[in-house]
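Chain residues, written in single-letter form:
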Amino acid sequence: MLSLVLPKGSLERATLDLFDAADLTVRRSSDRDYHATIDDPRIERVRFLRPQEIPSYVAEGLFDLGITGRDWITETGANVASLGELRYSKATSAPVRVVLAVPANASWESVRDLPDGLRISTEFPEITRRFLETRGVKAAI
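Quantities reported herein were computed from a predicted structural model and do not represent experimental measurements.

(A) Looking closely at the pairing of strand β4 (residues 43-49). The sheet contact formed by strand β1 (residues 2-7) and β4 spans six bridges and is parallel. Paired with Pro 7 across the bridge in β4 is Leu 49. For strand β3 (residues 35-38) and β4, the ladder comprises two bridges, and the chain directions are antiparallel. By the bridge assignment, Ala 36 is partnered in β4 with Val 46. A loop of four residues connects β3 with β4, the two strands running antiparallel in sequence.

(B) Looking closely at the sheet that holds strand β5 (residues 65-66). Taking strand neighbours across the sheet as the criterion, the five strands line up as β2-β3-β4-β1-β5 in an open arrangement whose pairing is mixed. One side of each edge strand has no neighbouring strand; the edge strands of this open sheet are β2 (26-27) and β5.

(C) Quick peek at the nonpolar core. Residues Leu 6, Phe 19, Val 26, Ile 38 and Val 46 are the most contacted members of the largest nonpolar core, which totals 14 residues. Put simply, the parts of the chain that give this core at least two residues each are β1, α1 (12-21), β3 and β4. Per-element accounting of this core gives the leading share, three residues, to β4.

(D) Main features of the packing of aromatic side chains. Evaluation of the coordinates by the stated rule reveals two aromatic pairs. Against the face of Tyr 34 rests Lys 8, its NZ or CZ located 5.2 Å from the ring centre. Directly above the ring of Phe 48 sits Arg 28, whose terminal nitrogen or CZ lies 3.9 Å from the centroid.

Each value, and the rule that gives it
- Residues numbered from 1 in each chain as written.
- Predicted model: local features only at pLDDT ≥ 70, side-chain atom pairs only at ≥ 80, totals over all residues.
- Heavy atoms only, no water.
- Pairing = 2+ DSSP bridges.
- Helix = DSSP H or I, 4+ residues; strand = E, 2+ residues; numbered from the N terminus.
- Core = buried A, V, L, I, M, F, W, Y, C linked by side-chain atoms within 4.5 Å.
- Buried < 20%, exposed > 50% of the residue type's maximum accessible area, 1.4 Å probe, protein only.
- Phe/Tyr/Trp six-rings, centres within 6.5 Å; stacked < 30°, edge-to-face > 60°.
- Lys NZ or Arg CZ within 6 Å of the ring centre and 35° of its normal.

Quick look at the structure:
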């Protein structure tokens, strides 16, 4: 019997549509409910979590299968196997791009121009840290 964890947020609607198309309709009492069911004897438990939590929970064995973004697998460093790629997102079918943005009037023209000790705000601190380290930039993240 499988336990599944599905993404809340931007991937939620497309994931539900995918399951509907496979005749595995996900049922829950409301859109805010984190507990769900699928009328299939192979599926014991269905939960909804934030995509950034899913890789770690699957790696820890709390769920057998989860749907999340590759970005969150990379960010968390979770030891999971990717079984395939689902080409959907909230806004586009194109892959996610992470960009480094600076003020238009900044004198920096490339990552290597960034001064050491710069403070960077990001949703992906580990990905950003690794990216900057490979380019010799030391920043507070």
